[in-house]
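Chain residues, written in single-letter form:
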Amino acid sequence: MNIITNLFSSSVGKKYIMAVTGFSLFGFVIAHLIGNLQIFLGPEAINRYGHFLQSNMEIIWPARIGLLVIIALHIWAAIKISAENKAARPVAYAEYNPTVASYASRTMLMSGLIVFFFILYHLLHFTVQVDQVNLTGKSFVNLHDAEGRHDVFAMMVLGFSKPIVSLFYIIAISLLSLHLSHGVRSMFQSLGWKKKSYANVLHCFATGVSIFIFVGYVSIPIAILLGFGKEALSK
Amino acid sequence: MNLTLKVWRQKNPNDAGGIVTYDANDIIPDMSFLEMLDVVNEDLISRGEEPIAFDSDCREGICGTCSMVIDGIAHGGQRGTTVCQLHMRHFNDGDTITIEPWRAKAFPVIKDLVTDRSAFDRIIESGGFVSVNTGGTPDGNTLPIPKVDADEAMDAAACIGCGACVAACKNASAMLFVSAKVSHLALLPQGKPEAERRVLKMVKAMDEAGFGNCTVTGSCEAVCPKEISLDFIAKLNREFGKAILKNRAERQVAD
C-alpha cells in the first residue's frame, strides 16, 4: 500500500511513472519504426508483417490495451506534474533566463500533447482507416494484394502521397524526436540510473537515437513523395 | 559607471509589489553587486526614501544568505558564485539591470528582495538525526571510508542552502538542494542507519512545502554557487526508490 501511495503522490514517484511509461513508449516507437522500415523491402515484406500482426489477436490486443494504459499514465503524470510546477511559482519573473535549459526540456508538455493529437489522427488514418481523414478520396479498407492480404504497402504509398498528410506526419515526428532527445536522457536520471562515469554515454545515446528516429520515420513519406512505390498507386 | 536599475519593490508580504526604476550613478567597477546596492540605498536614505531591502551576511560567498535574480539569472550568471561575489566590472556603463527576488510559492516575499526560505529549514528538520556514539573521541580512521566517497559526500555537503536552484528552476523545484542534503549523509557510514527514513521524510517535506517537480532542465546546476551536480538528483531518485522498495521505514521506531 505504502509503495503505491509513494509512487502516485510523491514528486519523485510521479517521475518514476513518467520515466517507466516513457521508456515503454520509447520501446514502442523503436519497434514500430523497425516494422515500418520494411516498406523499403517491398510489398511482400511489409504485407506479410502487417498480416502477421493482424492475425495474432492474442498478441495485438494485449499490446494495444497495454499501450493505452501506459499512454494514459504518461499523460496523467505529465498533466499532474505540470499543474504542480505551475502552482509552485505563482508570481512570474519580469525577466527570466533559463540559461542552460534546452528548448526540448522546456517544451515537453507542448511537444507531447501535439504528438498525442497526431497519434489520434494516425490511428484513424492507418489503423481504423476512416476514409474521410485520408484525403485521397479512396478507401484503405479495400486494398488487398494478390494473396488476399491487406495491402499495407499500397496503403502507405497512397496515404503519404498527399503532401499535406506527409507534412503533418513530418512535423509530428520532428516534435517526437525533440521530445525524446530530452525524455530518453531524463528517464535514466529520474530512475536514478545515472552516474558520472556513463552520463556522457547516456547523453550521446539520447541524441543519437532521436536522430535515428527522426531520419527513420521521415524517410518513409519523403521517399514516397519522391516517387517510391508509384506503381502501387495505379491499383 | 552609471547604471539603470529596475528593482522589485514590495512593502510587505501582502503588498502586490512592482518594478521601480532607479539610477545608480558613480559606481566603481571594483564594487561587489551588494556594495553597489549599498550605494543606491545610501542615496535613497539621504533623500528620505525607503532603502531597498535585501538579504546579505558574510559577503564572502559562503553563507548562502544573499539571494537575488539579476537579469533573469539567480546570483547573476557568474558561474560558481553568490551575488556578493559578483563584481560590477562584469557590467558595462549604461546597462539596465533587472533585480528580482527568488520566485517560488515556497519562498514568499517578506519585503522587496527578501524572501522567507524557512521551507528549507523544515526540510532539514524532517531529515532528523544521525546516530553517533557518545563517549571519548574515536580514533582517527576507525570507520574506513573510501576517499572517493568522502570526496563525493563533501561535494554534496558544499551546499549552502541559498535557494538559487529553486529560483532558477522553471518549476521552482528544490530537488538539487534536497538531493545534496540526502546524498551527503547517505554516502557516509554515519548516515546509513537512517538513510531510508531520511530520504522519504525529506521528499515528503519538500512536496508539502509546495516546490515543483524536477524536469531535468539543468538550470539549477548552472546557477548553483557551490556547483552541486545534477548527478546528486539521480542519487536522490535512487535512494528514494530503494527506500520505497524496501519499505522498512514504517517498521522503524518513530522519532
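Position numbers for residues count from 1 along each chain, tracking the sequence in the order it is written. Each chain gets a letter, beginning with A, and each ligand a number, beginning with 1, in the order they are written. With the structure being a predicted model, the display of local features is reserved for residues of pLDDT at least 70 and the display and counting of side-chain atom pairs for 80 or more, all residues being used for whole-chain, interface and lining totals. Hydrogens and water molecules were not included; the side-chain quantities draw on all heavy atoms of the structure.

Secondary structure summary: chain B contains eight helices and seven strands in total. Principal-axis analysis of the C-alpha atoms places the extent of chain B at approximately 60 × 40 × 35 Å. The cut-offs for exposure are 20% and 50% of the maximum accessible area for each residue type, with area from a 1.4 Å probe on protein chains only; residues under the lower value are buried, those over the upper are exposed, and the others partly exposed. Here chain B holds 255 residues, and the buried ones make up 53% of them. Areas reported as accessible are Shrake-Rupley estimates using a 1.4 Å probe. Residue values count occlusion only from the protein chains shown. Put simply, chain B shows about 11400 Å² of open surface, and 50% of that area lies on carbon and sulfur atoms. A run of DSSP states H or I qualifies as a helix once it reaches four residues; a run of E qualifies as a strand once it reaches two. Both are numbered from the N-terminal end.

Turning our attention to the sheet that holds strand 5 (residues 96-100) of chain B. Residue and element names in this part refer to chain B. A pair of strands is treated as paired once DSSP finds two or more bridges between them. Pairing within the open sheet is mixed, and its five strands lie in the order 2-1-5-3-4. For this open sheet the edge positions go to strand 2 (18-24) and strand 4 (73-74), each flanked by a neighbour on one side alone. Where strand 1 (residues 3-9) lies against strand 2, seven bridges are found, and the strand directions are antiparallel. Bridge pairing in strand 2 places Leu3 opposite Ala24. Seen against the sheet, helix 1 (residues 33-46) touches strand 1, strand 2, strand 3 (69-70) and strand 5 and runs at an angle of roughly 80° to strand 1. Here, two residues are considered to be in contact whenever any of their heavy atoms come within 4.5 Å of each other. Think of each axis as a best-fit line through the C-alpha atoms, taken over the contacting stretch in the case of a helix, with angles from 0 to 180 degrees between the N-to-C directions.

Listed per partner, the contact involves 41 residues of chain A and 48 residues of chain B. Buried area, as used here, totals the accessible surface that two parts lose on assembly, with accessibility defined by a 1.4 Å probe and the loss added over both. Overall, the association of chain A and chain B removes approximately 3600 Å² of surface from exposure, summing both partners, and the carbon and sulfur fraction of that is 52%. Any carboxyl oxygen of Asp or Glu within 4 Å of a side-chain nitrogen of Lys or Arg constitutes a salt bridge here. Joining chain A to chain B, the criterion identifies two salt bridges. Lys194(A) is the salt-bridge partner of Asp231(B), the closest N and O atoms lying 3.3 Å from each other.

Bringing the domain arrangement of chain B into the picture now. All names here are of chain B. All domain edges in this entry derive from an automatic or database-based domain assignment. The assigned domain composition of chain B is domain 1 (3-111) and domain 2 (118-254). Each of domain 1 and domain 2 has a C-alpha centre, and the two are 30 Å apart. Both sides of the domain 1 and domain 2 interface together cover about 1400 Å² of buried area, and 62% of this is carbon and sulfur. On inspection of domain 1 and its partner domain 2, the count reaches zero salt bridges. For the purposes of these results, a polar contact is taken to be a pair of N or O atoms within 3.5 Å, where, inside protein, one atom must be able to donate a hydrogen and its partner to accept one; residues adjacent in sequence count only when each atom of the pair is a side-chain atom. Put simply, domain 1 and domain 2 have two residue pairs in polar contact (both at pLDDT 80 or more) between them. Amino acids are sorted into nonpolar (Ala, Val, Leu, Ile, Met, Phe, Trp, Tyr, Cys and Pro), charged (Asp, Glu, Lys and Arg) and polar (every other residue, Gly among them). Class assignment of the residues belonging to the side of domain 1 that touches domain 2 gives a composition of nine nonpolar, six polar and three charged.

Time to look at a nonpolar patch on the surface. Residues and elements named next belong to chain A. On the surface, a cluster of nonpolar side chains totalling about 410 Å² of accessible area is made up of Met57, Trp61, Ile65 and Val69. With respect to the secondary-structure elements, Trp61 resides in helix 4 (residues 57-87). Trp61 sits in the partly exposed class, given a relative accessible area of 42%. A patch consists of residues whose relative accessible area exceeds 30% and which take part in no salt bridge; residues with like charges are grouped when within 9 Å of each other, and nonpolar side chains (Val, Leu, Ile, Met, Phe, Trp, Tyr) when within 5 Å.

On to the side chain of Asn213(B), then. Among the structural elements, Asn213(B) can be located in the loop between helix 6 (195-208) and helix 7 (219-223). Relative accessible area serves as the criterion here: at 1%, Asn213(B) is assigned to the buried category. A distance of 2.9 Å separates a polar atom in the side chain of Asn213(B) from a polar atom in the side chain of Glu84(A).

For Thr99(A), which is not a glycine, the phi torsion comes out positive at approximately 45°. Within the element layout of this structure, Thr99(A) appears in the loop between helix 4 and helix 5 (103-106). A positive phi angle is found at Ala172(B), which is not glycine, with a value near 50°. The residue Ala172(B) is located in the loop between helix 4 (164-168) and helix 5 (175-186) in this model.

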